[in-house]
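Structural features, examined
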Amino acid sequence: EINITNSLDSGLKKVELKVKDNDPDTLWQSALLEVNISPVNDAPRFVNLENQVFNEGDLFEYTVDVEDEENNAPFKFNVSFVGCSNESERGNCTLFDYIPDEINGKIDISFTPTNADVGSYIINFSVMDNSSLGNKTTSQLVNFTVTPTLWNGSLIRDYLLIEDENKFINFTKDVSETYWGN
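Below, the structure is looked at part by part. Every chain begins its residue count from 1, and numbering advances along the sequence as written. Totals for whole chains, interfaces and linings use all residues, but because this is a predicted model, local features are given only for residues with pLDDT of at least 70 and pairs of side-chain atoms are given and counted only at 80 or more. The side-chain values count all of the structure's non-hydrogen atoms but skip hydrogen atoms and water molecules.

1. Concerning the environment of Lys14
Under the convention used in this document: The numbering of helices and of strands both runs from the N terminus, where a helix is a DSSP run of H or I of at least 4 residues and a strand a run of E of at least 2. Note on definitions: a residue-residue contact is assigned when non-hydrogen atoms from the two residues lie within 4.5 Å.
You can see Lys14 is positioned in strand β1 (residues 11-19). Considering only alpha carbons, one finds Lys14 and Glu34, 20 residues apart in sequence, at a separation of 4.5 Å. In contact with Lys14, not counting residues within four places along its chain, are Leu32, Leu33 and Glu34.

Pasting the structure below:
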């Protein structure tokens, strides 16, 4: 099977085959093989879509890129929030809005999660190309996790290494936030 994705390379093609056995007195034999090549539409694919972990209160920016062997734009994107760990508190699992670039095959995500967003989200990303040979769709599930501010940096590691639970310790993240522990 030959996969030709460019329509310009499809159609009736002739391939010349030449054969000769190991006998030095044998002459080369040749024949033409006619092959009818039909164009094929391959589904687009996500290039860099993967699980993400980020912090509440910090700006999260992420561009999801799509490749399509035939460049069958414009693309149709869909992002659906399948489930989340905090759905009972939130009422739904929608974490962000997105901006699709249907011509260049990109999804731009930019938002700052709040404390109400802390949790884990299962998200289904899908993309469909636009081909005269029939559209193809690809879907991929990923997990986005929003962590609470206290988990930032080494604070949680420092807190867990305390051996004396009666000791009074002051944790400082920056000049505007102070955490107290005992």
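2. Details of unusual backbone geometry
Glycine aside, negative phi is the norm for most residues, and most peptide bonds take the trans geometry. Just so we agree on the cut-off: For each residue, the accessible area found with a 1.4 Å probe, counting protein chains only, is set against the maximum for its type, and the residue is called buried under 20%, exposed over 50%, and partly exposed in between.
Residue Ala73 is joined to Pro74 through a cis peptide bond whose omega torsion reads 5°. Tracing the chain through its elements places Pro74 in the loop between β5 (60-67) and β6 (76-84). Positive phi, close to 55°, is recorded for Asn71, a residue that is not glycine. Its place among the elements puts Asn71 in the loop between β5 and β6. Relative accessible area serves as the criterion here: at 61%, Asn71 is assigned to the exposed category.

3. A word on the sheet that holds β6
Neighbouring strands of a sheet are bound in pairs by backbone hydrogen bonds; such pairs are parallel or else antiparallel. As a reminder of what qualifies: A pair of strands is labelled paired if DSSP reports no fewer than 2 bridges between them. All axes are obtained by fitting lines to C-alpha atoms, using only the stretch in contact for helices, and the reported angles, taken between N-to-C directions, cover 0 to 180 degrees.
Read across the sheet, four strands follow the order β4-β10-β9-β6 without closing on themselves; strand pairing throughout is mixed. On the outer flanks of this sheet lie β4 (52-55) and β6, each paired with one strand and no other. Averaged over all pairs of adjacent strands, the angle between their axes in this sheet comes to 25°, without regard to strand direction. As paired strands, β4 and strand β10 (residues 137-147) are joined by four bridges and run parallel to one another.

4. Regarding the pattern of salt bridges
Opposite charge on two side chains permits them to pair, given that their charged atoms come into close proximity. This is how it is decided: By salt bridge we mean one thing: a side-chain nitrogen of Lys or Arg within 4 Å of a carboxyl oxygen of Asp or Glu.
Applying the stated criterion to the full structure yields four salt bridges. Between Lys14 and Glu34 there is a salt bridge; the shortest N-O distance is 4.0 Å. Of this pair, Lys14 sits in strand β1 while Glu34 is found in strand β2 (residues 29-37), placing the two residues 20 residues apart along the sequence. Taken individually, Lys14 and Glu34 each receive the classification exposed, so the pair is uniform in this respect.

5. As for the state of the cysteines
Applied cut-off: Here, two cysteine sulfur atoms that lie within 2.5 Å of each other are counted as a disulfide.
Summed over the entire model, instances satisfying the criterion amount to one disulfide. Each sulfur in the disulfide pair Cys84 and Cys93 lies 2.1 Å from the other. The chirality of the disulfide connecting Cys84 with Cys93 is left-handed, given an S-S dihedral of about -80°. The class for Cys93 is buried, based on a relative accessible area of 6%.

6. As for the pairing of strand β9 (residues 119-128)
In terms of burial, β9 is a largely internal element, seven of the ten residues being buried. Sheet analysis places β6 next to β9, joined by eight bridges and oriented antiparallel. Paired with Asn78 across the strands is Ser126, a residue of β9.

7. Here we look at the sheet that holds strand β3 (residues 45-46)
Pairing is antiparallel across the open sheet formed by four strands, whose spatial order is β3-β5-β8-β7. Strand pairing shows two members of the sheet lacking a second neighbour, β3 and β7 (98-101), which therefore form its edges. Note: β7 against strand β8 (residues 106-111), four bridges, orientation antiparallel. Bridging from a neighbouring strand, Asp101 pairs with Lys106 of β8.

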